[in-house]
Amino acid sequence: MTNEVAVQMVDITKTFGPVVANNKVNLTIYRGEILSLLGENGSGKTTLMNMLSGIYFPDSGSVFVDGVPVTIRSPKDAFNLHIGMIHQHFKLVDVLTAAENIILGLNEKAFIDLKDVRKQVAQICDRYGFVVNPDKKVYDMSVSEKQTLEIVKVLYRGADILILDEPTAVLTPQETQKLFHVMRNMKDDGKSIIIITHKLHEVLEISDRVAVLRKGEYIGDIATQLTSAQELTDMMVGRAVSLNIDRPQCEIKRECLSVEHLSVIDADGVKKLKDVSFTAYGGEVLGIAGISGSGQKELLEAIAGLQFIQQGGSILYSSAEGEQPTQLVGRTPRDIKRMGVRLAFVPEDRLGMGLVGSMDLTDNMLLRSYKDGASPFANRANPRNLAKTVVEELEVVTPSISTPVRKLSGGNVQKVLVGREIASQPSLLMSAYAVRGLDINTSYTIYRLMNEQKMRGAAVIYVGEDLDVLLELCDRILVLCAGEVSGLVDGRNTTKEEVGLMMMHLPNKEVEA
Amino acid sequence: MKIDHKKEPIIRISKRVGIQFWKSWLIRLAAIALSLCVCALLIFALSGLNPIKVFGTMAKGVFGTQRKLMNWVRDTSVLLCIAVGLAPAFKMRFWNIGAEGQMLVGGIAAAACMIHLGNLGMPNVVLLLIMASASIIAGGVWGVIPAISKAYLNTNETLFTLMMNYIAMQFLLFFTPIWEHPAGSNKVGIINSVTKVGWLSEDQKLATPLIMLFIVLIVTVLMFAYLKYSKQGYEIAVVGESQRTAKYAAINVKNVVVRSMTISGAICGLAGFLSVAGADHTISEDTAGGRGFIAIIVAWLAKFNTFVMILIAALIVFLDKGAIALASEYSNYNLTNDVADIITGIILFFILGSEFFINYKIKFHLGKGKEEIA
Amino acid sequence: MTQLISILTTAVTFGTVIMYGALGEILTEKSGNLNLGVPGIMYLGGISGLIGAYLYETGVGAANALPVVGMIIAIVCALAGSMLGGLIFSFLTITLRTNQNVTGLTLTIISAGIANYFGGTLSKMAGGVGQISVAATSSAFRWTQSLTDGWGEFDTLFFNYGFMTYLAIVIAIVLSIFINRTTKGLNLRAVGENPATADAAGINVTRYKYLATCIGAGISGLGGLYYVMDYIKGTWANDGNIEALGWLAVALVIFATWKSLRGIWSAYLFGALCWLYYYIPGLTRSTQELFKMLPYVATIAVLLFVSFRKRKEDQPPASLGLSYFREER
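Thresholds applied
Residues numbered from 1 in each chain as written. Chains lettered and ligands numbered in written order. Predicted model: local features only at pLDDT ≥ 70, side-chain atom pairs only at ≥ 80, totals over all residues. Heavy atoms only, no water. Helix = DSSP H or I, 4+ residues; strand = E, 2+ residues; numbered from the N terminus. Rg over C-alpha atoms; globule rule 2.2 N^0.38 Å. Buried < 20%, exposed > 50% of the residue type's maximum accessible area, 1.4 Å probe, protein only. Contact = heavy atoms within 4.5 Å. Areas by Shrake-Rupley, 256 points an atom, 1.4 Å probe, with all protein chains shown as cover. Lys, Arg positive; Asp, Glu negative; His and termini not counted. Charge placed at Lys NZ, Arg CZ, Asp CG, Glu CD. Salt bridge = Lys/Arg side-chain N within 4 Å of Asp/Glu carboxyl O. Polar contact = N/O pair within 3.5 Å; in protein donor to acceptor, adjacent residues only side chain to side chain. Phe/Tyr/Trp six-rings, centres within 6.5 Å; stacked < 30°, edge-to-face > 60°. Buried area = accessible area lost by both parts, 1.4 Å probe. Disulfide = S-S within 2.5 Å. Domains from an automatic or database assignment. Axes fitted to C-alpha atoms, helices over the stretch in contact; angles between N-to-C directions. Parallel < 35°, antiparallel > 145°, perpendicular 65-115°, else oblique. Pairing = 2+ DSSP bridges.

Participant: Pulling in residues and values, what's your account of the overall build of chain A?
Facilitator: A tally of regular secondary structure across chain A gives 17 helices and 20 strands. At 24 Å, chain A has a C-alpha radius of gyration in line with the 24 Å of a compact globule built from 513 residues. Here the C-alpha coordinates of chain A stretch approximately 75 × 50 × 50 Å along the principal axes. Residues classed as buried in chain A amount to 55% of the 513 residues present. Across chain A, the fraction of contacts at a sequence separation of at least 24, relative to all contacts at a separation of at least 6, is 67%. As presented, chain A carries roughly 21200 Å² of accessible surface, and 49% of it is formed by carbon and sulfur atoms. Averaged over its 56 positive side-chain charges, chain A has a centre that lies 5 Å from the centre of its 65 negative ones.

In structure tokens:
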């Protein structure tokens, strides 16, 4: 790290309608350093970086590159200033090859000539330790391949300042280590790297300096070696928070769901789940751990009747002690509902699956119950009352219950969704990444709600990504690896290392990352 | 390092979060006023006539006599009927461009019943009911074919429904020589012109347009209630927003697509029945005459609100009829029926464009740019 | 044999009209713009070319009119007229972000009105319906030069057309090279597939969309010009044929699965299908109409086949029909 300033952002303000995403933010980036931009979701990290990379234009404030005032009006302007950003949602064209994506928009030659591109890509790969097949189509690539391609693309364009937006969210721990290795190589090469993240251990591991944003405001920056996780958390949330999550003991324990030999193949013929078997009990929280994309989504959707299940699988559901269990395999969501299965499901994609963004709170409450009653017309009286109850009890911040949910903030959207799902007094509650992107207070509200359902005697299945949370919240943890069960451990006496290892390996078999 | 001297963008566009009701209508009214000015200029340029006098002539041409007024009511009813038929499809984000064809097959079915069942001596009401049912079924079938393909193969519905229009047109041309009257004219001619069997009413001047209006208004109200309050209407809204949410909510998306498109096609088919039994008593290439396409614009501009469609349909038919009246009044002044299309097009462009100013906010940054240069 | 030659030449001349329309629309759709105003744009191209040529020929007197000059004027006017239509569509859908389907349909309505209005006015000036004649200009469009004189049927089959027939093939090949082999073409494909990605890669999405739509409109407009100058030999007919041909062009884009080279033979196939009834014996006035359905049925068959096979390379551009706004959140 040098003392040479690469980029300086001064008094940057950006608003989206009434929302102030950045309020007079100042940020300095030095040459040859790795800077972590830390903040909770919605704190304005991505917005700030989008202005540096030319996606958004600031309402006010100025940017200096190498001490010279600049105006970045488009991504092209950013490239010319050697600034490149790797977005969280990859900016790649599916039907093109890696090499074609790399030269997109460069117009170096009139005709497409990939020979030089391949050579240069190979050089970049050698220099920093990547592997990229330039002739592979993007639609055939895995998530980590796509990310590598994004980084190579930015380097190919001669970027000296690289911005990575939550790069590890989609990676396995091994892949994360590889990425960090590459990042260190790039730093040694004199490049400045900004990594946007809200994972504290990554901040401490990789960065030289940390800058913290909170609710659109710049809180400050500090050298990583002079700080601690506790201090950073305080800066991030504004006050010390207890990291303890409750795990009450429930007296009720009965078999609720028994899954056996479950296999799922997706529309493209890829096997997503292989011979998964487990049992979920009422009165406990069953955690599901695994690298993103290990089959968690498919597992929950299979139980909800949204996946096609291979021959031989069985999902038995018992509503109460001693009752004849019901087979859920081969049933549509409608059948499952009609059979009286009280199943609540909080999916990962809140506005794309769990809720309808353009509808108001009342109509979203109606989503689960619109079919009730024999009348051809939908009854909106009960949903309206439910919406009012949810707003009051979960402290949803909304102008009114007739506001489209799309206009609410992420945390409030999730409260609406979870509120609706638990309102049905479920005997089985499934949630996928229920606290992703939420601030700490809302996250705790969600943990509390999960525990309340557990104490009611419901079986709670909690798919999570943060191992610390899983270890503190769950009674048992089922670990998935590449669509198979790689272990089932007791949340009270396991360690992060043990679960982490299971996420990477199947028993008796190495999985290549 | 390259130094950037470019100034800030002069025009900044951002999405509006919400806009007051009156403001959005003010913008639309301003757009219509502006478009009328453009039309006035155009008419002046083409003919040298005083535009204000010209608009007066248009109004007189549409509302001047009871007969003209009723023609306006009649044509508005048919256009409104198609637009209302499109509402469930569009709300579901199913781009039904095939209203033209659905209406046409409805018309063919009605004409077939009129011609082949007209001399069996059944009461007129019974025949009319048979005709209406046949039209509804024919339109429904025409709508459901692309819907099934969309539901099961995810075929692009815009292009499929568009193709169905031309197949319908070829069917009409297939039947025209079979039904032609008089022989060799290559026209179907007025059907049952003596017996008036299968006509909506013998009173063309007043009763027929009012019956048509009555039927269409009932359909309009029913559709409004269906979309807003019924369970099926709720399903349509959810499917239109997100198919994944629909599946999650235990909605059978395929069924909803097929069912809604059947309803959509059926109502467009009904418009064909109204056109044949009510307005024309014949069938030709002009039975639909592009109204299936204009109705798309009506439905879109009304944001799928069937009551707003009444206003827009009435306005468009007024413009069309007014411009035709203009052309016949001032045929020495270089105005022809085609001017109707031009005027309608200009006004539609302005209304379409005005949506931008309702959805987006525009800011000008002139002063600041200058500061930076200085 | 003679009949086969006859059907083939008919297919080529007829197919060329829709090939122009489709080639322009392929370029436009590659940028993600679905312009249903193709029929209108072909109208604009046809009438503008005709007006230009007519004013020239009456201006200098029919006897003094030079065919080549008339031809150049007609082409320039046709390009200007149809590109103006494309510009209006672009302004509304790209800058004002109006719905593309609705805007395209409106463009067709207004352009048909404009074309038929001026067609009628020209007819009146010329002394009545069907009286317009731009004989000199039309002769330049219909001038043929055989390279294989005396080869009989071979000669008739390959060298019996005006130059615009061959120009269409050249444009198809150039378009194919442009889209698939050049970096600008690569950028254009990216804009149509994923404008946000293209934008982040420094491509000026708005400019590409404007240019592709306007140049595409120009090419489509040449179809209208070819129809007026060559197919109906330099006059105007108020019969809605251009509109029907325009919709066939939209169908052809789908049939050719957005590939301009495939557009060449597909266009001729469409031409053959449209006129097949003419060569089938025993058809009545009624049944021949069923044969004219063939191009549309074939297009539906291709639509079904492509969506059944799900090959990524045959799908429409992924953002087709959607407008793009960078700061969408």
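Participant: Kindly report on the overall build of chain B, identifying the contributing residues and their values.
Facilitator: Along chain B, the regular secondary structure elements total 14 helices and two strands. Structurally, chain B occupies a C-alpha span of about 90 × 65 × 35 Å along its principal axes. Burial statistics for chain B: of 374 residues in total, 56% are counted as buried. Within chain B, contacts between residues at least 6 apart in sequence are counted, and of these 78% link residues at least 24 apart. Considering chain B, the positive charge centre built from 32 side chains and the negative charge centre built from 20 side chains are found 9 Å apart.

Participant: Can you tell me about the environment of Phe159 of chain C, naming the residues and giving the values?
Facilitator: Checked against the element boundaries, Phe159 of chain C lands in helix 6 (residues 153-159). Separated by 150 residues in sequence, Phe159 of chain C and Thr9 of chain C have C-alpha atoms that sit 10.0 Å apart.

Participant: Outline unusual backbone geometry, supporting the account with residue identities and numerical values.
Facilitator: Note that the residue after His181 of chain B, namely Pro182 of chain B, is joined by a cis bond; omega there is -5°. Relative to the assigned elements, Pro182 of chain B resides in the loop between helix 6 (157-179) and helix 7 (207-229). One non-glycine residue, Asp66 of chain A, adopts positive backbone phi at about 50°. Look at Asp66 of chain A and you get partly exposed, because its relative accessible area is 31%.

Participant: Give a description of the pattern of salt bridges that names residues and reports values.
Facilitator: Evaluation of the coordinates by the stated rule reveals 37 salt bridges over all chains. The partner of Glu452 of chain A in a salt bridge is Arg448 of chain A, with the nearest N and O atoms 3.0 Å apart. Of the two residues, Glu452 of chain A and Arg448 of chain A are both situated in helix 15 (residues 440-455); the distance of four residues between them amounts to about one turn of the helix. Note on Glu452 of chain A: relative accessible area 37%, which makes it partly exposed. Between Lys292 of chain C and Glu289 of chain C there is a salt bridge, with the nearest N and O atoms lying 3.4 Å from each other. When its relative accessible area of 23% is taken as the criterion, Lys292 of chain C is described as partly exposed. One network of salt bridges, with partners in common, ties together Lys259, Arg262, Arg309 and Asp314 of chain C.

Participant: Describe the environment of Asn412 of chain A, listing the residues and the values that go with them.
Facilitator: All names here are of chain A. In this structure, Asn412 sits in helix 14 (residues 410-423). What makes Asn412 buried here is its relative accessible area of 9%. Counting along the chain gives 161 residues from Asn412 to Glu251, while the straight-line C-alpha distance between them is 32 Å. Those residues in contact with Asn412, other than ones at most four positions away along the chain, are Glu395, Val396 and Val397.

Participant: Got a sec to walk through the interface of chain A and chain C? Specific residues and values, please.
Facilitator: Across the boundary between the two partners, chain A contributes 29 residues, which contact 25 residues of chain C. Connecting chain A to chain C are eight residue pairs in polar contact (both at pLDDT 80 or more). Secondary structure elements with two or more residues in the side of chain A that touches chain C: strand 1 (5-16), helix 2 (75-80) and helix 3 (98-103) of chain A. For the side of chain A that touches chain C, the element with the highest residue contribution is helix 2 of chain A, accounting for three residues.

Participant: Any chance you could break down the packing of aromatic side chains for me, citing the residues and the numbers?
Facilitator: Ring pairs (aromatic) are described by centroid distance and by the angle formed between their planes. Evaluation of the coordinates by the stated rule reveals 33 aromatic pairs over all chains. Judged by centre distance (5.1 Å) and plane angle (20°), the rings of Tyr166 of chain B and Tyr296 of chain C are stacked. With one member in each of two chains, Tyr166 of chain B in helix 6 and Tyr296 of chain C in helix 14 (residues 294-309) form a pair that bridges those chains. Comparing Tyr166 of chain B with Tyr296 of chain C, the two get one shared label, buried.

Participant: So what about the interface of chain B and chain C? Which residues, and what values?
Facilitator: Contact residues are listed per partner, giving 49 residues for chain B and 46 residues for chain C. Carbon and sulfur atoms make up 75% of the surface buried where chain B meets chain C, a total of about 4400 Å² over both sides. Viewed at the interface, chain C and chain B are joined by one salt bridge. When the shortest N-O distance is used, the salt bridge between Glu180 of chain B and Arg285 of chain C registers 2.5 Å. Elements represented by at least two residues in the side of chain B that touches chain C include exactly strand 1 (11-15), helix 5 (124-153), helix 6, helix 11 (291-301) and helix 13 (338-359) of chain B. Looking at which element gives the most residues to the side of chain B that touches chain C, the answer is helix 6 of chain B, with 14 residues.

Participant: Can you tell me about helix 8 (residues 183-193) of chain C, naming the residues and giving the values?
Facilitator: The buried fraction of helix 8 of chain C amounts to nine of the 11 residues, a majority that puts the element mostly inside the structure. Of the residues making up helix 8 of chain C, those classed as buried are Thr183, Gly185, Leu186, Asn187, Leu188, Arg189, Ala190, Val191 and Gly192 of chain C. Lining the buried residues of helix 8 of chain C we find helix 3 of chain A together with helix 1 (2-30), helix 7 (163-181), helix 9 (195-200) and helix 10 (205-231) of chain C.

Participant: Can you explain the state of the cysteines? Please cite residues and give values.
Facilitator: Tallying each qualifying case throughout the model produces zero disulfides over all chains. Here Cys474 of chain A is not disulfide-linked; the sulfur of Cys250 of chain A is the nearest cysteine sulfur, at 15 Å. The class for Cys474 of chain A is buried, based on a relative accessible area of 0%. No disulfide involves Cys268 of chain B; its sulfur sits 7.3 Å from the nearest other cysteine sulfur, which is in Cys81 of chain B. For Cys268 of chain B, a relative accessible area of 0% translates into the label buried.

Participant: An account of the side chain of Gln453 of chain A is requested, with residue identities and associated values reported.
Facilitator: Summarising the element assignment, Gln453 of chain A is placed in helix 15. Beyond its immediate stretch of four places on either side in the chain, Gln453 of chain A contacts Ile422, Pro426, Leu429, Ala458 and Val460 of chain A.

Participant: Outline the domain arrangement of chain A, listing residues and values.
Facilitator: In terms of domains, chain A is made up of domain 1 (5-237), domain 2 (244-342 + 426-513) and domain 3 (357-424). Put simply, the middle of domain 1 of chain A and the middle of domain 2 of chain A, counted by C-alpha atoms, are 34 Å apart.

Participant: Which residues make up the packing of helix 2 (residues 51-63) of chain B against helix 12 (residues 306-329) of chain B, and what values go with them?
Facilitator: All names here are of chain B. It is at 8 Å that the axes of helix 2 and helix 12 come closest, and there the two elements cross at 110°. Taken together, the axis directions place helix 2 and helix 12 in an arrangement best described as roughly perpendicular. Where helix 2 approaches helix 12, its residues Val54, Thr57, Met58, Ala59, Gly61, Val62 and Phe63 are matched on the opposing element by Phe318, Leu319, Lys321, Gly322, Ala323, Ala325, Leu326 and Glu329.

Participant: An account of the sheet that holds strand 12 (residues 271-282) of chain A is needed here, citing residue identities and associated values.
Facilitator: Residue and element names in this part refer to chain A. The sheet built from four strands is open, its strands ordered 12-11-14-15 with antiparallel pairing. Of all the strands in the sheet, the pair left with one neighbour each is strand 12 and strand 15 (326-327). Sheet strands in contact with helix 9 (residues 296-303) are strand 11 (254-265), strand 12 and strand 14 (314-317), and its direction is about 60° off that of strand 12.

Participant: Give a detailed account of the sheet that holds strand 13 (residues 284-289) of chain A, specifying residues and quantitative values.
Facilitator: Residues and elements named next belong to chain A. Spatial strand order, 16-17-18-13-19-20: six strands in an open sheet with mixed pairing. Only two strands of the sheet have a single partner each, and these edge strands are strand 16 (343-346) and strand 20 (484-490). Between one strand and the next, the sheet's axes are offset by a mean angle of 15°, whatever the strand orientation. Here helix 9 sits on the sheet in contact with strand 13, strand 16, strand 17 (428-432), strand 18 (459-463) and strand 19 (476-481), set at roughly 150° to strand 17. Across the sheet, helix 14 lies against strand 16 and strand 17, angled at about 170° from strand 16, the strand it touches most.

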